[in-house]
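# Observations on chain architecture
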Amino acid sequence: MKPIKQQRGLTRTFAAPMLIAALTLVGLIAALLGGGIYDIAAWITVGGPLIVATVLAWRRRR
Amino acid sequence: MKQRTIRAWSAVHTWTSLVSTAFLLMLCLTGLPLIFHDEIDAALDTSVWAPPDPTAKQLNLDTLLDRALAGRDAKVPLFMSFDDDRPVINVTSGPRPDAPGRDMQIASYDATSGEAIPPKTGGAVMEFILQLHTDMFLGLPGMLFLGAMGLLMVIAIVSGLVLYAPFMRKLDFATVRHTRSTRIKWLDLHNLLGAVSLAWLTVVGITGIVHTLANPIIDTWKKTELADLTAGYEDQSVPNKMASLDSAVRQARQALPDMTLQFVAFPGGSFSTNQHYAVFFHGNTPVTRFMITPALINAETGKLDGVRPMPWYTKALSLSKPLHFGDYGGLPLKIIWLVLDLVTIIVLATGLYLWFARQRASTADIRVRRHVAPRKPAAG
């Protein structure tokens with residue numbers, strides 16, 4: 001039982017950081033591939049998590 | 001995770017960070033203005049120059065080169081580059097073909113008349129910052145040293161990621177416990193900001209390390225990719241009488257008609273062989289504009305020896321530039337880059353604070369134990 005529980009714990013812990021990392025990489029590469037819509041995609045995927053994290057941190061302060 | 005494992009990763013994280021922090025802070029601070037170097041250069045530049053007659057025909061490149069070198073002490077041409085947005089050529093020369101950067105002279109000329117045009121002003125500050133950021137004015141050893149600091153940073157990121165698990169096990173993402181001790185508050189902030197900047201900092205770190213290897217990468221390219229062109233000429237130096245530059249560039253243009261002319265590397269310099277004009281072009285799509293391809297023209301016979309697409313490692317070097325400096329993707333991406341740079345500075349500062357706080361706590365702990373607990377006899 002314990003390894004499964006641990007596994008779940010790790011997934012939970014790393015879900016948000018890994019999602020942010022994936023979005024960041026997508027954005028950094030998108031802006032290289034083209035202008036216009038690609039640049040806008042990059043602003044959202046790289047910049048978005050920063051805003052979301054700030055809001056979450058504000059809400060979850062305790 | 002076992003206590004012992006955590007302690008080992010913690011030691012890795014602490015020491016890789018402590019050794020590199022001062023240099024990483026310097027890199028963050030100098031890197032900050034470099035994100036906006038295009039904007040800053042444009043703002044600082046008060047020189048106004050417009051071509052007297054934008055429709056005028058450009059002069060022959062041989063004539064332009066002769067005029068450019070006429071008034072100089074350093075007579076050996078090293079590079080000629082071409083501005084994209086105006087009929088201007090920039091000529092770099094040195095006392096010898098293999099002259100180091102500090103001995104080089106550069107100036108810009110109107111390609112329609114050969115007249116020197118006023119140099120852009122205000123470039124010295126950014127030049128200084130870039131040099132500090134690149135090698136701390138120490139040349140190749142400085143570059144490689146900063147590369148090693150980058151490598152330590154990547155190890156610190158990996159170990160930080162491992163440590164994130166035990167520290168955040170019981171906490172939701174982005175929890176900052178600010179009513180507890182200062183140490184807990186800064187620890188939570190350090191973890192949050194580290195998690196947020198993880199991928200970005202890894203990309204900037206790895207591409208930075210690639211940059212520090214630029215010289216060995218270019219040397220390898222010359223030794224392997226251009227080896228067959230120099231076979232049989234190894235002992236020869238730069239030819240005394242050189243074929244027409246203008247004709248060389250014309251042939252190169254014919255060989256690569258769909259690309260944009262960027263610069264010519266003269267024989268004997270770092271980007272060519274002793275026997276060739278290397279005429280470099282870049283692509284016109286967003287990705288290929290970072291990629292350069294040379295056409296090599298024999299400087300003695302004036303004949304095209306071939307077009308050499310760059311190998312993967314020099315392409316990686318080219319792509320590392322925007323990904324490291326963040327000077328792409330429009331102003332919003334640059335601003336995001338600035339925010340992430342500031343986030344990194346906070347991660348470094350809080351990390352340093354946490355180390356100090358722990359040092360203080362453990363010395364206080366020892367003092368308390370000495371006073372409270374009776375001293376045990378030392379184990380033999």
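The structure under discussion appears in the preceding block.
In this text the structure is predicted, and so the values were computed from the model without any measurement.

This part is about the overall build of chain A. Counting its regular elements, chain A contains two helices and zero strands. With 62 residues in all, chain A has 35% of them scored as buried.

Let's shift gears to the interface of chain A and chain B. Between chain A and chain B, the contact holds 30 residues from the first and 37 residues from the second. Carbon and sulfur atoms supply 76% of the area that chain A and chain B bury against each other, a total of about 2800 Å² over both sides. Remark: the boundary between chain A and chain B carries one salt bridge. Close ionic contact of Asp172(B) with Arg12(A) constitutes a salt bridge, the shortest N to O distance being 2.6 Å.

With that settled, consider unusual backbone geometry. All names here are of chain B. With a phi angle near 50°, Met-136 is a residue other than glycine that sits in the positive phi range. Mapped onto the fold, Met-136 is located in the loop between α4 (123-135) and α5 (139-168). Here Phe-137, not a glycine, exhibits a phi torsion of approximately 65°, which is positive.

Turning next to the nonpolar core. Ranked by size, the top nonpolar core spans 48 residues in total, and within it Leu28(A), Phe173(B), Leu192(B), Tyr328(B), Leu333(B) and Trp337(B) carry the most contacts. Those elements giving two or more residues to this core turn out to be α1 (2-33) and α2 (37-59) of chain A together with α1 (3-35), α5, α6 (182-212) and α11 (330-372) of chain B. If you tally residues by element for this core, the top one is α6(B), at nine residues. The residues touching Leu333(B), leaving out its near neighbours within four places in the chain, are Ala31(A), Ala42(A), Trp43(A), Val46(A) and Tyr328(B). Grouped together as the second largest cluster of nonpolar side chains are 25 residues, Ala68(B), Phe82(B), Ala252(B) and Tyr277(B) included.

Before going further, it helps to examine the pairing of strand β5 (residues 276-282) of chain B. Residue and element names in this part refer to chain B. The buried fraction of β5 amounts to seven of the seven residues, a majority that puts the element mostly inside the structure. Neither face of β5 is open: one carries His-276, Ala-278, Phe-280 and His-282, the other Tyr-277, Val-279 and Phe-281, and all of them are buried. As judged from the five bridges shared by strand β4 (residues 260-265) and β5, these two strands associate in the antiparallel manner. Paired with Ala-265 across the two strands is Ala-278, which belongs to β5. By the bridge criterion, seven bridges tie β5 to strand β6 (residues 292-298) in an arrangement that is antiparallel. Across the sheet, residue Phe-281 finds its bridge partner in β6, namely Thr-293.

The subject of this paragraph is the pairing of strand β1 (residues 76-82) of chain B. Residue and element names in this part refer to chain B. Burial analysis of β1 places five of its seven residues in the buried class, the great majority of the element. Direction of pairing for β1 relative to strand β2 (residues 88-94): antiparallel, over a ladder of six bridges. In the strand pairing of β2, Phe-82 is matched with Ile-89. Hairpin connection of β1 to β2: five residues between the antiparallel strands. Pairing geometry for β1 and β4, over three bridges, is antiparallel. In the sheet register, Phe-79 faces β4, and the bridge partner there is Ala-265.

What follows deals with the pattern of salt bridges. All names here are of chain B. Taken as a whole and judged by the stated rule, the model has eight salt bridges over all chains. Where Glu-39 meets Lys-334, a salt bridge forms, and the shortest distance between an N and an O atom there is 2.9 Å. Here Glu-39 is found in helix α2 (residues 37-44), whereas its partner Lys-334 is found in helix α11, with 295 residues between them in sequence. Exposure remark for Glu-39: the relative accessible area of 32% places this residue in the partly exposed category. With relative accessibility at 7%, the residue Lys-334 sits in the buried group. Measuring nitrogen to oxygen at the nearest pair gives 2.8 Å for the salt bridge that ties Asp-83 to Arg-86.

So, about the environment of Lys223(B). Relative to the helices and strands, Lys223(B) resides in helix α7 (residues 214-225). On a C-alpha basis, the gap between Lys223(B) and Thr273(B) in space is 9.4 Å, while along the polypeptide they are 50 residues apart.

Now for the packing of aromatic side chains. Residue and element names in this part refer to chain B. Throughout the structure, instances matching the rule amount to 15 aromatic pairs over all chains. Judged by centre distance (5.8 Å) and plane angle (75°), the rings of Trp-200 and Trp-337 are edge-to-face. Residue Trp-200 is found in helix α6, and its partner Trp-337 is found in helix α11; the two are separated by 137 residues along the sequence. Judged on exposure class, the residue Trp-200 and its partner Trp-337 are both buried.

Residues and elements named next belong to chain B. For the pair α6 and helix α10 (residues 312-325), the least separation of the axes is 8 Å and the interaxial angle reads 135°. In this view, α6 runs oblique relative to α10, as classed from their interaxial angle. Read as a crossing pair, α6 and α10 show a hand that is left-handed. Across the interface between the two elements, Val-203, Val-204, Thr-207, Gly-208, Val-210 and His-211 of α6 pack against Ala-316, Leu-317, Ser-320, Lys-321, Leu-323, His-324 and Phe-325 of α10. Across the contact of α6 with α10, the residue classes break down as seven nonpolar, five polar and one charged.

Attention shifts here to the packing of α5(B) against α6(B). Residue and element names in this part refer to chain B. In the contact formed by α5 and α6, the axes pass within 9 Å of each other and the chain directions differ by 150°. Regarding the angle of α5 to α6, the classification is roughly antiparallel. Handedness of the crossing formed by α5 with α6: left-handed. Taken together, the residues of the contact of α5 with α6 break down into 17 nonpolar, seven polar and no charged.

Calculation notes
- Residues numbered from 1 in each chain as written.
- Chains lettered and ligands numbered in written order.
- Predicted model: local features only at pLDDT ≥ 70, side-chain atom pairs only at ≥ 80, totals over all residues.
- Heavy atoms only, no water.
- Helix = DSSP H or I, 4+ residues; strand = E, 2+ residues; numbered from the N terminus.
- Buried < 20%, exposed > 50% of the residue type's maximum accessible area, 1.4 Å probe, protein only.
- Contact = heavy atoms within 4.5 Å.
- Buried area = accessible area lost by both parts, 1.4 Å probe.
- Salt bridge = Lys/Arg side-chain N within 4 Å of Asp/Glu carboxyl O.
- Core = buried A, V, L, I, M, F, W, Y, C linked by side-chain atoms within 4.5 Å.
- Pairing = 2+ DSSP bridges.
- Phe/Tyr/Trp six-rings, centres within 6.5 Å; stacked < 30°, edge-to-face > 60°.
- Axes fitted to C-alpha atoms, helices over the stretch in contact; angles between N-to-C directions.
- Parallel < 35°, antiparallel > 145°, perpendicular 65-115°, else oblique.
- Left-handed = near helix turned anticlockwise from the far one by under 90°.
- Nonpolar A, V, L, I, M, F, W, Y, C, P; charged D, E, K, R; others polar.

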